[in-house]
Amino acid sequence: MANNFNKFCEILSTEGVSVVLDFTYHIWQEGLELLAKQNVPYLRVDRLLSPFLQLFAEFLHQKGGNDVVLIFQNEQDKYEALLHIVDGYRFRTLLLNAGDDNEFVQRIERLRPSPSYYAIFARGTNMNNIFEKINKGNIFLRPTEWHFVFLDPRDRGFKYKKQVEFANKFTMNAKSLCRSMRMKDTYCLSGFTIQRGLLLEIFRSLTYLKQYNMDWLNPLYIDCNETEVINPYKLDLLTHLDLQYFLTFSTVPVVDNEILEEFIPPMLTYNVNVSINFYSSEHEAVTDLALWQNGELRKINETISPAKRFFRIGMTEAIPWNYYRRDPRTGKVILDRNGKPIWEGYCIDFVNTLALKLNFVYEIVEPTKGKFGKRNPKTGEWDGIVGDLVTGETDFAVTALKMYSEREEVIDYIAPYFEQTGISIVMRKPVRQTSLFKFMTVLRLEVWLSIIAALNATAVMIWLMDKYSPYSARNNKEAYPYPCREFTLRESFWFALTSFTPQGGGEAPKAVSGRILVAAYWLFVVLMLATFTANLAAFLTVERMQTPVQSLEQLARQSRINYTVVSESDTHQYFINMKFAEDTLYRMWKELSLNASEDYHKFRIWDYPIKEQYGHILLAINGSNPVVNANEGFRKVNEHENADFAFIHDSSEIKYEITHNCNLTEVGEVFAEQPYAVAVQQGSHLTDEFSFTILELQKDRYFEELKAKYWNYSLLRECALADGQGGITLESLGGVFIATLFGLGLAMVTLGVELFYYKRKHINSATKRGVIKVKPVNEDIVSEAWNENKDTNKITPPPLFEQLTFRGKTIPPNITLGDSFKPRQISKKIRQKLSGEATNEDPKLPPYVE
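Residues numbered from 1 in each chain as written. Predicted model: local features only at pLDDT ≥ 70, side-chain atom pairs only at ≥ 80, totals over all residues. Heavy atoms only, no water.

Colleague: How do you make sense of the nonpolar core when you look at a structure like this?
Modeller: Of all hydrophobic cores here, the largest spans 52 residues; its most connected members are Phe52, Phe56, Leu70 and Phe121. Within the residue set of this core, elements represented by two or more residues are α3 (50–62), β3 (67–72), β5 (117–122), β7 (166–172), α9 (194–212), β9 (268–270), β10 (274–280) and β11 (285–293). Examining the composition of this core, we find that seven residues originate from one element, α3, more than from any other. If we skip the residues at most four places from it in the chain, Phe121 touches Phe52, Leu53, Phe56, Leu70, Ile71, Phe72, Gln73, Val149 and Leu151. Core analysis: the second largest hydrophobic core is formed by 47 residues, Tyr324, Ile411, Tyr417 and Leu706 among them. (Core = buried A, V, L, I, M, F, W, Y, C linked by side-chain atoms within 4.5 Å. Buried < 20%, exposed > 50% of the residue type's maximum accessible area, 1.4 Å probe, protein only. Helix = DSSP H or I, 4+ residues; strand = E, 2+ residues; numbered from the N terminus. Contact = heavy atoms within 4.5 Å.)

Okay, here's the thing in C-alpha cells:
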C-alpha cells in the first residue's frame, strides 16, 4: 500500500489531475482522504456487472427461485459477481469461471443438490463457446431452467434451440442502446462493450462540462507532503454531469469515515434496456416475459412461473416401498423409452405427491455399493443410501430406511412418513391333507373294525335269542297272536345296522333277554355316535386353527422348525447386536459374581436371570444359511408345505406379502419397532420445507390412504374361502356322497336282479301248471257256458263270525253269539239293479245270487 501511495503522489505532483475516475472494487481510504483534503473532483464508477446482476436477481425473485449457479466468461467478471454477492444477494449462489476453468462442466455435474436455475453471463462470441462445452457434457438433459445473459448486443449468432428444454434469453436492444449513447448504429455496434460505452459517456459528459465553464476541471498539481490546500473550491460534478440518457447514479458506498462519507458521491453506472424471452423446445415457440428499463422490471407476461427444481433421490429396491415394474408372465423388468427401469411402490407415490406440492422433478439414483448403508469400521466410510447422502451423490432418500442413532451422526432425518414398523415372523399355513373319506380318519382303523365286529356279534346274538328264547314272538304265538317281527339272521343284521340311524332299528325283540341285549347295544350306539360327532367337530376345528409356534420365544425353544433372515440386513444385525448384549451382560455378571467378597451369597442363584435365546436364534439362523434377499426367503417358506420353516423379516413387508399370498401367515407379535423417515444431507435446506409438507399430508390422512392401497386386507376374503375357513369343503366329505351314490347304485342293481328273478320264477311255475294260451271266444258262447255250468247248490257260504273275529282263539265267556249267521237282507230296488231287471244291461249276463 505504501508503494501505491508514493506512486499516486508522484503522478499528482508531476502530471497533475483534473478529475479522478475510480474503477477500483475497494475503497482506498488513504488516497481518498488526500483527494478530499485538496477538493479534487472525484467520480466513482460502479462495477460493470452490477446492473445485470441486479436485473437477474429481480427476475429470479419474481419466479420464486432460491438457488442458482452463475457462470462467467472470465475471472474478472466472476470476482465482480463475488463482490456483489458479498454486498447482499438473496439467493444461494455458486460462481464458476468458464474461461480458464476447463473442469467447470464436471463441477456442475457433481453439484448436490442440483440447483434449479443456471445463468451464463457472457458476450455473444463467448456465449457460444461456453454453450458448446456444457452441451458436450450433457448437462442440458437435466430438467432445469437456463438463463443466457448477453453482455453485448451480438446475440443473433447464438443458436440454442432444440438443445435446451427451458431457456430464458436476456438480450440488449441494440437500437435503443445506440440512441441512448447518441451515436449511429453502425459505429455504436462496431466492437461495442459496456466498458467502452461507459468510458465514452463519462468523457463526453466531462468534455461538455469543461466547455460549459473553462475554469472548471483545470489541472491540479498536489504535493502530498504539503498541508496547504491548493484548491479551496469544491466542484460538485453530480449537479453538472449530463445524465439524461446512458449514465445514471447507483448507491453510495458504505465507509466508516465521516470525511469520506461527505466526499464520496453516489457511484456512476449505466442504463441498459434488456428484453427477456422464454423458449421451450417442446412447443418451439418464443414468449416475451419482461422488459428491464431504467432499473425496473416490467412484466409483459403476468404468469412468470417458477422453474421446477431438480433433485436426485436415493432409492433401493424394497417391496412394497420401491420396486421395479415387472412383466407378470415373464418376471422381466419393464423399461421406459429411455431404457431405464420403471419404479413403483409406496415411496414412489409419496415422492410424486411431494413433487406436485413442492414443484420439482427428480431422478432416482440407486447406490452403486451396498443397500441401505453400512459403515466400514476401518475407514469410517458409509456405503449404500447413507453413503450417497454423505458424499452428496443424492439430495435426499425416500425408501425403507430406518432411523438409527449411528446414521443420524452423518445424515439428518425428517418427520416419519410411516407408522412404527419392526420385525415379525412369517410361516406357511399347514397344508390340509384333503381326502374324500376324511371323516373316516376321525377314528382309527381298529375302532372301525371293532364297531363292525360289535354290529355283527349283536346281530347274531339277536338272531339266536329270538330263535331259542321260549318267550320270543316266534316261540310264543299264543302270547303274541298278532303278526310280529320275526328276527331271522337277515332281519337281525338289518336291525343292528339301522340302529345307528336317527329313525332307529324298528320293532324290538319281545323276549326280555333280547331286549336287554338291544338296550345295551343302543347304549353302545349312542356313545359311539356322540364320540364320533364330537371328535369330528374337534378334528376339523383344530386342523384349521393349528399353528406350530406363537412367538419368537417358542421358535427359539423348539428344534423342528428352521428359520432364517436376509443376510446383512437390519434384521440380521438386530440379532447380532442382541447376542452381543447377552454376552456382555453374562460377562459382567460373571465378573461380579466371581469378584464378590462380602456379598457373595447374593450372587448364589440357580437360574440365570437373563435368557440366552438370541444366541440360540443366531446359531440356528447361521445353520439355515441366511438368504440373499426377501424374495428368496418367502419362496423357501412357501415351499415347506408342512410349516416347518420360518422367515424373520421386516413386519411391513411381511404384511404386504401375506395380502398377496394366501399360503402365508404372520406368527407372533411385532418386536423391535422403529419408524421410517425421509433422510437428507446434514444441514440441508430441504429439512423445514419437507417437514412442513409431510405434516400437512399427515393432517390430510394421506398416508392412511396410501397404506390402504398397498396393504389391501380385503384380498384376504378370497383366501378365507380358499383355505376352508368358510366351512367344510366337499373334498373332506365327498366320501359321504360317494357312499350314498354307491348305495343308490347297489339298490338299482338289486332291483334289476329282483325283476329278473321274479320273471324267471313266474315263467317256470306257469309251465309246471300246464297253462296254454288259447284264442278267446265270443260273448254268447261264454254266456251259455256260464248258464250250463251254473250250480246254485255249490255256492260258497261266507265265513263264520268267530273265525273272522277271533282267528281260532277261544271265545271269551262274556261274548254271546247267535245260532246262525244271518246276512243282511238286500232291498228289492238294489236286488233289481244287481240282477239287471231295472236297467238296460245285457240280459244274457247271469243274475246276482245271494
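Now that the structure is up, let's keep going.
Colleague: Please explain a nonpolar patch on the surface as it appears in this structure.
Modeller: A grouping of Leu741, Leu744, Met748, Leu751 and Leu755 is seen on the molecular surface, where their side chains present a nonpolar patch of about 520 Å² in accessible area. When you line up the elements, Leu741 lands in helix α24 (residues 730–769). (Patch = residues over 30% accessible without salt bridge, like charges linked within 9 Å, V, L, I, M, F, W, Y side chains within 5 Å. Areas by Shrake-Rupley, 256 points an atom, 1.4 Å probe, with all protein chains shown as cover. Salt bridge = Lys/Arg side-chain N within 4 Å of Asp/Glu carboxyl O.)

Colleague: Hey, could you run me through the pairing of β3 in this one?
Modeller: For a regular strand, side-chain orientation follows a simple rule: the groups alternate between the two sheet faces. For β3, the tally of buried residues reaches six of six residues, placing the bulk of the element in the interior. Along β3, one buried face is formed by Asp67, Val69 and Ile71 and the opposite face, lined by Val68, Leu70 and Phe72, is buried too. Strand direction decides the pairing type here: β3 and strand β4 (residues 92–97), joined by six bridges, are parallel. In the strand pairing of β4, Ile71 is matched with Leu96. Regarding topology, helix α4 (residues 75–87) serves as the crossover connection from β3 to the parallel β4, and that connection is right-handed. (Pairing = 2+ DSSP bridges. Right-handed = clockwise from strand over helix to strand, strands pointing away.)

Colleague: I would appreciate a short explanation of the pattern of salt bridges in the present structure.
Modeller: Where side chains of opposite charge bring their charged atoms close, a pairing between them can arise. For the structure shown, the criterion picks out 24 salt bridges. Among the salt bridges present, the one from Glu145 reaches Lys63, with a minimum N-O distance of 3.2 Å. Placement of Glu145 in strand β6 (residues 145–150) and of Lys63 in the loop between α3 and β3 is noted, with a sequence separation of 82 residues between them. The exposure class of Glu145 is buried, given its relative accessible area of 5%. Here Lys63 falls in the buried class, since its relative accessible area comes to 4%. The residue Arg312 makes a salt bridge to Glu393 at a minimum N-O spacing of 2.6 Å. With a gap of 81 residues between them, Arg312 in strand β13 (residues 309–314) and Glu393 in the loop between α12 (384–391) and β17 (396–397) connect regions that are remote in the sequence. By relative accessible area, which is 9% here, Arg312 ends up buried. Several salt bridges converge on common partners, so that one network encompasses Arg312, Glu363 and Glu393.

Colleague: What is the right way to look at a negative patch on the surface in this model?
Modeller: Taken together, Asp256, Glu258, Glu261 and Glu262 make up a surface patch of like negative charges. For Glu262, the position within the fold is in helix α10 (residues 258–263). (Lys, Arg positive; Asp, Glu negative; His and termini not counted. Charge placed at Lys NZ, Arg CZ, Asp CG, Glu CD.)

Colleague: Looking at this model, I keep getting lost on unusual backbone geometry. Mind explaining?
Modeller: Negative phi is the rule for most residues except glycine; trans is the rule for most peptide bonds. The omega angle of the peptide bond from Ile319 to Pro320 is 0°, so this bond is cis rather than trans. Along the chain, the position of Pro320 falls in the loop between β13 and β14 (323–324). Phi angles above zero are rare outside glycine, and Ala672 is one such case at about 55°. Structurally, Ala672 can be placed in strand β21 (residues 664–681). Among the residues examined, Ala672 registers a relative accessible area of 28% and is labelled partly exposed.

Colleague: Can you help me understand the side chain of Glu657 in this one?
Modeller: Residue placement: Glu657 occurs in helix α20 (residues 651–660). Buried within the structure, Glu657 lacks any salt-bridge partner; Arg428 is the closest side chain of opposite charge, at an N-O distance of 11 Å. Excluding residues within four positions of it along the chain, Glu657 makes contact with Phe634 and Leu664.

Colleague: Sorry, what's going on with the packing of helix α11 (residues 346–358) against helix α21 (residues 686–699) here?
Modeller: When two helices pack together, their arrangement is given by the angle between the helix axes and the distance between those axes. Look at α11 against α21: their axes get within 11 Å of each other, and the N-to-C directions meet at 110°. Taken as axis vectors, α11 and α21 run roughly perpendicular relative to one another. Seen along the crossing, α11 lies across α21 with a hand that is right-handed. Here Phe350, Thr353, Leu354, Lys357 and Leu358 of α11 come into contact with α21, specifically with Glu689, Phe690, Thr693, Ile694 and Leu697. Considered class by class, the residues forming the contact of α11 with α21 number six nonpolar, two polar and two charged. (Axes fitted to C-alpha atoms, helices over the stretch in contact; angles between N-to-C directions. Parallel < 35°, antiparallel > 145°, perpendicular 65-115°, else oblique. Left-handed = near helix turned anticlockwise from the far one by under 90°. Nonpolar A, V, L, I, M, F, W, Y, C, P; charged D, E, K, R; others polar.)

Colleague: What is the right way to look at the environment of Phe532 in this model?
Modeller: Of note, Phe532 is situated in helix α15 (residues 512–545). Accessibility expressed as a relative area gives 18% for Phe532, which makes it buried. In this view, Phe532 contacts Phe439, Val442, Leu443 and Trp448; residues no more than four positions away in its chain are not counted.

Colleague: Mind showing me how you'd approach the confidence of the model for the protein chain here?
Modeller: Close inspection of predicted coordinates is inappropriate for parts of the model with low pLDDT. On average, residues of the protein chain score 80 in pLDDT, and 81% of them reach the 70 mark or higher. Contacts for the low-pLDDT stretch residues 837–845, under 50 throughout, to residues beyond four places or in other chains number seven contacts. (pLDDT = per-residue confidence, 0-100.)

Colleague: Before we go on, may I ask you to explain the packing of aromatic side chains in this structure?
Modeller: Two aromatic rings are characterised by how far apart their centres lie and by the angle between their planes. Scanning the model with the defined rule gives 43 aromatic pairs in all. Between Tyr574 and Phe671, the ring centres sit 5.9 Å apart and the planes meet at 45°, which makes this aromatic pair tilted. Here Tyr574 is found in helix α17 (residues 570–595), whereas its partner Phe671 is found in strand β21, with 97 residues between them in sequence. Classification of Phe671 as buried rests on a relative accessible area of 15%. An aromatic cluster is built from Trp321, Tyr346, Phe350, Tyr417, Phe418, Tyr656, Tyr676, Tyr702, Phe703, Tyr710 and Trp711, whose rings are joined through pairwise contacts. (Phe/Tyr/Trp six-rings, centres within 6.5 Å; stacked < 30°, edge-to-face > 60°.)

Colleague: Help me understand the sheet that holds strand β16 (residues 360–365), please; the structure alone is not making it clear to me.
Modeller: Picture the strands of a sheet paired through backbone hydrogen bonds; they go either parallel or antiparallel. The sheet built from seven strands is open, its strands ordered β16-β13-β17-β21-β18-β20-β19 with mixed pairing. The strands lining the two open edges of the sheet, one partner per strand, are β16 and β19 (562–564). Alignment of β17 against β21, held across two bridges, turns out to be antiparallel. Across the sheet, residue Ala397 finds its bridge partner in β21, namely Ala679. Along the sheet, α17 makes contact with β18 (411–428), β20 (645–650) and β21, crossing β20 at roughly 100°.

Colleague: What should I look at first to understand the packing of α11 against helix α22 (residues 702–710) in this one?
Modeller: Closest axis-to-axis distance for the α11/α22 pair is 10 Å, and the angle between their directions is 145°. α22 is crossed by α11, and the crossing has right-handed handedness. Seen from α11, the contacting residues are Tyr346, Asp349, Phe350 and Thr353; seen from α22, they are Tyr702, Phe703, Leu706, Lys707, Lys709 and Tyr710. Along the lines of polarity and charge, the residues of the contact of α11 with α22 split into six nonpolar, one polar and three charged.

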